[in-house]
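Take a look at the letters that make up each chain.
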Amino acid sequence: MRPLKQAIYSSRTADKFVVRLPDGMRERIAEVARDHHRSMNSEIIARLEQSLIQEGSLGEELSMRLDSPELSLHERELLQRFRQLSHRQQNALVSLIAHDAEVASNAS
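Thresholds applied
Residues numbered from 1 in each chain as written. Predicted model: local features only at pLDDT ≥ 70, side-chain atom pairs only at ≥ 80, totals over all residues. Heavy atoms only, no water. Helix = DSSP H or I, 4+ residues; strand = E, 2+ residues; numbered from the N terminus. Contact = heavy atoms within 4.5 Å. Buried < 20%, exposed > 50% of the residue type's maximum accessible area, 1.4 Å probe, protein only. Axes fitted to C-alpha atoms, helices over the stretch in contact; angles between N-to-C directions. Parallel < 35°, antiparallel > 145°, perpendicular 65-115°, else oblique. Nonpolar A, V, L, I, M, F, W, Y, C, P; charged D, E, K, R; others polar. Patch = residues over 30% accessible without salt bridge, like charges linked within 9 Å, V, L, I, M, F, W, Y side chains within 5 Å. Areas by Shrake-Rupley, 256 points an atom, 1.4 Å probe, with all protein chains shown as cover. Salt bridge = Lys/Arg side-chain N within 4 Å of Asp/Glu carboxyl O. pLDDT = per-residue confidence, 0-100.

- Per an unreviewed UniProt entry, the recorded name for the protein chain is DNA-binding protein, and the organism is Pseudomonas versuta.

Below, the structure is given as structure tokens:
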């Protein structure tokens, strides 16, 4: 296994941008972020990245984000494998995981 590079992203050095959200969106993002066990910032970044990847606007520089200190070794591996899937496969996997999580929460 190759050694991990030093993180290139830090909350201290990251660009900051203020966004005005429509009423209710902040609460919805917070809820979704909790469901995904991430911060609101990480949730928003993940969704923006996915959107930019899908339209081909984000290139090779994204692969370096795997060095984010927020990711565990297992998360990095999953993310690498997920990014190798087609868009259709990614959607199917996300739907399956969401369905399983819903079934598990309804069972408890």
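**Structural notes on the side chain of Q90**
Moving on, step 1. Summarising the element assignment, Q90 is placed in helix α4 (residues 87–107).
Moving on, step 2. For Q90, the residues in contact, after removing those within four places along its chain, are Q50, F82, R83 and L85.

**Some points on unusual backbone geometry**
Moving on, step 1. The backbone phi angle of H37 is positive, close to 60°, even though this residue is not glycine.
Moving on, step 2. For H37, a relative accessible area of 75% puts it in the exposed group.

**A closer look at the packing of helix α1 (residues 25–35) against helix α2 (residues 40–54)**
For any two helices packed against each other, one specifies the crossing angle of their axes together with the interaxial distance.
Moving on, step 1. Viewed as axis vectors pointing N to C, α1 and α2 meet at an angle of 90°, and their least axial separation amounts to 9 Å. In terms of orientation, α1 lies roughly perpendicular with respect to α2. Counting all contacts with α1, which are made through R26, I29, A30, V32 and A33, the residues of α2 involved are M40, E43, I44 and R47.
Moving on, step 2. Its residues assigned to classes, the contact of α1 with α2 comprises six nonpolar, no polar and three charged.

**Description of a nonpolar patch on the surface**
Moving on, step 1. On the surface, F17, V19, L21 and M25 cluster together to form a nonpolar patch covering roughly 420 Å² of accessible area.
Moving on, step 2. Along the chain, M25 falls in helix α1.

**A closer look at the pattern of salt bridges**
Moving on, step 1. All told, the structure shown has four salt bridges when counted by the stated rule.
Moving on, step 2. E43 is the salt-bridge partner of R38, the closest N and O atoms lying 2.8 Å from each other.
Moving on, step 3. Residue E43 is classed as buried on the basis of its relative accessible area of 2%.
Moving on, step 4. Shared partners join several salt bridges into a network, and the residues in it are R38, E43 and R47.

**Examining the environment of L85**
Moving on, step 1. Following the sequence through the fold, L85 ends up in the loop between α3 (73–84) and α4.
Moving on, step 2. Judged by relative accessible area, L85 falls into the partly exposed class, the value being 29%.
Moving on, step 3. In contact with L85, not counting residues within four places along its chain, are Q90 and L93.

**Topic: the confidence of the model for the protein chain**
Moving on, step 1. Overall, the predicted model of the protein chain reaches an average pLDDT of 78, with 79% of residues at or above 70.
Moving on, step 2. Scored below 50 in pLDDT, residues 1–8 shows ten contacts in the model against residues more than four places distant or in partner chains.

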